Amino acid sequence: MLQNLETNAAAGARPNNCWVESIRASSPTHMKSITPSLLEEKRAWIIRHPSALDMFHEITEASKGKQIVMFLDYDGTLSPIVENPDRAFMSGKMRRAVRQLAKYFPTAIVTGRCRDKVYDFVKLAELYYAGSHGMDIKGPTKGLKYNQKSKVVNFQPASEFLPLIDKVYKVLVEKTKSTPGARVENNKFCISVHFRCVDEKKWNDLAQKVKEVVNEYPQLNWRQGRMVMEIRPKIEWDKGKALEFLLECLGFADCSNVFPVYIGDDTTDEDAFKILRKREQGFGILVSKFPKKTSASYSLREPDEVMDFLQKLVRWKRDSADTTKSKV
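Residues take numbers from 1 onward in each chain, read along the sequence in its written order. Only residues with pLDDT of at least 70 get local features here, since the model is predicted, and only at 80 or more are side-chain atom pairs given and counted; chain-wide, interface and lining totals rely on the full set of residues. Computation of side-chain values covers all heavy atoms of the structure but excludes hydrogens and water.

Engineer: Please explain a positive patch on the surface as it appears in this structure.
Structural biologist: The grouping of Lys 93, Arg 96, Arg 99, Lys 103, Lys 142, Lys 312, Arg 315 and Arg 318 at the surface amounts to a positive patch. Elements are defined by DSSP. Helices are runs of H or I of four residues or more, strands are runs of E of two residues or more, and each kind is numbered from the N terminus. Listed by contribution, the elements that provide at least two residues to the positive patch are α5 (92-104) and α11 (303-327). Note that Arg 318 resides in helix α11. Type-normalised accessible area, obtained with a 1.4 Å probe on protein chains alone, sets the label of each residue: buried when under 20%, exposed when over 50%, and partly exposed for intermediate values. On the accessibility criterion, Arg 318 (32% relative accessible area) is partly exposed. Like-charged residues are merged into a patch within 9 Å and nonpolar side chains (Val, Leu, Ile, Met, Phe, Trp, Tyr) within 5 Å, provided each residue has over 30% relative accessible area and no salt bridge. In these tables, accessible area is a Shrake-Rupley quantity obtained with a 1.4 Å probe, and a residue counts as shielded only by the protein chains included in the view. Take a side-chain nitrogen of Lys or Arg and a carboxyl oxygen of Asp or Glu: if they are within 4 Å of each other, that pair is a salt bridge. In this charge count, Lys and Arg are treated as positive and Asp and Glu as negative; neither His nor the chain ends contribute. By convention, the charge on Lys lies at NZ, on Arg at CZ, on Asp at CG and on Glu at CD.

Engineer: When you look at the packing of helix α7 (residues 162-176) against helix α8 (residues 203-214) in this model, what are you seeing that I'm missing?
Structural biologist: Working note: a packed helix pair is described by the angle between its axes plus the distance between those axes. Put simply, α7 and α8 touch, their axes get as near as 10 Å, and they point 150° apart. One finds that α7 runs roughly antiparallel with respect to α8. Crossing handedness for the pair α7 and α8: right-handed. Contacts between α7 and α8 involve Val 168, Val 171, Leu 172, Lys 175 and Thr 176 from the first element and Leu 206, Lys 209, Val 210, Glu 212 and Val 213 from the second. Asp, Glu, Lys and Arg are counted as charged, while Ala, Val, Leu, Ile, Met, Phe, Trp, Tyr, Cys and Pro are counted as nonpolar; the rest, among them Gly, fall into the polar class. Here the contact of α7 with α8 is built from residues that sort into six nonpolar, one polar and three charged. Axis angles are defined between N-to-C directions and span 0 to 180 degrees, where every axis is a line fitted to C-alpha atoms and, for a helix, only to the segment in contact. Any angle that is under 35 degrees is reported as roughly parallel, and any over 145 degrees as roughly antiparallel; angles of 65 to 115 degrees are reported as roughly perpendicular and all others as oblique. Working rule for handedness: look at the near helix, and if it is turned counterclockwise from the far one by less than a right angle, call the crossing left-handed; if clockwise, right-handed. Contacts were defined at the residue level, with two residues in contact if any of their heavy atoms lie within 4.5 Å.

Engineer: Is there a simple way to explain the sheet that holds strand β7 (residues 191-194) in this structure?
Structural biologist: The strands making up a sheet associate through backbone hydrogen bonding, with each pair oriented either parallel or antiparallel. Ordered in space as β6-β7-β9-β8, the four strands form an open sheet in which the pairing is antiparallel. Two strands close off the open sheet at either side, each with one partner strand: β6 (183-186) and β8 (220-225). Adjacent strand axes in the sheet meet at a mean angle of 20°, parallel and antiparallel pairs treated alike. Pairing between β8 and strand β9 (residues 228-233): six bridges, direction antiparallel. By the bridge assignment, Arg 223 is partnered in β9 with Glu 230. Whether two strands pair comes down to DSSP finding at least two bridges between them.

Engineer: Sorry, what's going on with the nonpolar core here?
Structural biologist: It is characteristic of soluble globular proteins that their nonpolar side chains tend to be buried jointly. Definition of nonpolar core: a set of buried residues of the types Ala, Val, Leu, Ile, Met, Phe, Trp, Tyr and Cys, connected through side-chain atoms within 4.5 Å. Ranked by internal contacts, the top residues of the largest apolar core, which has 52 residues, are Phe 71, Leu 172, Val 210 and Ile 231. For every domain, the bounds stem from an assignment made automatically or drawn from a database. Built from parts of two domains, this core gets at least three residues from each of domain 1 (45-156 + 237-326) and domain 2 (159-233). With near-sequence residues (within four places) excluded, Ile 231 lies in contact with Leu 172, Cys 190, Ile 191, Val 193, Val 210, Val 214, Leu 220, Asn 221 and Trp 222. Ranked by size, the runner-up nonpolar core spans 38 residues in total, among them Ala 97, Leu 101, Met 307 and Val 314.

Engineer: Would you take a moment to explain the sheet that holds strand β12 (residues 298-300) for this structure?
Structural biologist: Across the sheet, which stays open at both edges, the eight strands sit in the order β5-β4-β3-β2-β1-β10-β11-β12 with mixed pairing between neighbours. Looking along the sheet, the strands with just one partner apiece sit at the ends: β5 (154-155) and β12. Sheet analysis places strand β4 (residues 136-138) next to β5, joined by two bridges and oriented antiparallel. Bridge pairing in β5 places Ile 137 opposite Phe 155.

Engineer: Would you mind going over the state of the cysteines with me for this structure?
Structural biologist: What is meant by a disulfide is a covalent connection between two cysteines, made through their sulfur atoms. Whenever a pair of cysteine sulfur atoms sits within 2.5 Å, that pair is classed as a disulfide. Scanning the model with the defined rule gives zero disulfides in all. Looking at Cys 190, it has no disulfide partner, and the nearest cysteine sulfur is the one in Cys 114, 8.8 Å off. Residue classification places Cys 190 among the buried residues on the basis of a relative accessible area of 0%.

Engineer: Hey, could you run me through the packing of aromatic side chains in this one?
Structural biologist: Think of a pair of aromatic rings as described by two things: how far the centres are apart, and how the planes are tilted against each other in angle. Centres within 6.5 Å make a pair out of two Phe, Tyr or Trp rings, where for Trp the six-membered ring is used; the pair is then stacked when the planes are under 30 degrees apart, edge-to-face when over 60, and tilted otherwise. Evaluated as defined, the whole model comprises 13 aromatic pairs. Taking 5.2 Å as the distance between ring centres and 70° as the angle between the ring planes, the aromatic pair formed by Tyr 119 and Tyr 129 counts as edge-to-face. Residue Tyr 119 is found in helix α6 (residues 115-122), and its partner Tyr 129 is found in strand β3 (residues 128-131); the two are separated by 10 residues along the sequence. Note on Tyr 119: relative accessible area 33%, which makes it partly exposed. Within the aromatic cluster, the residues linked to one another by ring pairs are Phe 71, Tyr 262 and Phe 273.

Engineer: Please explain the pairing of β3 as it appears in this structure.
Structural biologist: Regular strands show a simple pattern: their side chains alternate between the two faces of the sheet. Residue alternation in β3 divides its side chains into two sets, Tyr 128 and Ala 130 and Tyr 129 and Gly 131, and both sets are buried. Inspection of the sheet shows strand β2 (residues 107-110) paired to β3 by three bridges, in the parallel sense. Note on β3: the bridge partner recorded for Val 110 is Ala 130. By convention, a crossover is right-handed whenever its connection, traced from the first strand over the helix to the second and viewed with the strands pointing away, goes clockwise. Where the polypeptide runs from β2 across α6 and back to β3, its parallel neighbour, the crossover connection is right-handed. Looking at chain direction, β3 and β4 are connected through three bridges and run antiparallel.

Engineer: Looking at this structure, I do not really get helix α9 (residues 239-249). What am I missing?
Structural biologist: An α-helix turns once per 3.6 residues; consequently, residues spaced three or four apart project the same way. The buried fraction of α9 amounts to eight of the 11 residues, a majority that puts the element mostly inside the structure. Those residues of α9 that fall on the buried side of the exposure criterion are Lys 239, Gly 240, Ala 242, Leu 243, Phe 245, Leu 246, Leu 247 and Cys 249. Positive phi shows up at Gly 251, right after α9, with a value of about 90°.

Engineer: Is there a simple way to explain the environment of Pro 106 in this structure?
Structural biologist: Within the secondary structure, Pro 106 sits in the loop between α5 and β2. Using a relative accessible area of 1% as the deciding quantity, one classes Pro 106 as buried. The sequence separation of Pro 106 and Leu 247 amounts to 141 residues, and the corresponding C-alpha distance is 9.7 Å.

Function cannot be read off these values alone, since they describe shape.
Okay, here's the thing in structure tokens:
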């Protein structure tokens, strides 16, 4: 899909309807009716990616004797997807669940959002935060030390791009202001162009405007996320690289007894799911109500199920600790 758009843009052509059809197919809001074939597809998908809640015993059995490390996306995972990204607030109940989780496991938020903005949403100082798809990482300012090899984290591999990102952000704001519903978000080391509130008939035009700007700056590229276009520096860095970096900071880089669990809902989270498959450690969990192509092993339907899974994990760990103490 993106290759077609790149080719068209390079040739001066306007994006064709393939891009629109791909976006429509990947957007749950456009699934008006469930046909028998779609039901069968969903059943087959669930067999390949069963519910992490239903398979909870299997997951915990696989983690026995290993240190679980939790990686969580934000939008669509800890908070619901909303039309205005500035109002993607997590619930107090979810915040309490994440706080309890961090008491027992090293926990990181890995998001495309600006790190400072997502911290304002979460407000938990005991977490690791990886903003801008992992290009802005900072460790906890308080909390437990999980490993003696842990080190202080403050990492920004794309800092040299900050002036360029600010410049392109301003250009995109000006370029897209004639498209009703379009919203440009400066995430410090990357830019998000949201089109969830844009009329479908305007999607191609908006994509063309964005591509025309990006083509002027060879240091940048773009990727499609969930109803968003992401403009990023051209460096070898993504959420998968951020996961590996954080494991190294925690002292688990070459460790066989670590068990990373990554939960996310977006296409950008696939980079982390693929890393976990490559490492043959831990699991990826995709948050989605609908079948999607994914490298995740398990699935959850929505943020409420994510919260249930986190709470269940905390109870399991607490009960395991109590059992161990009673045997001593």
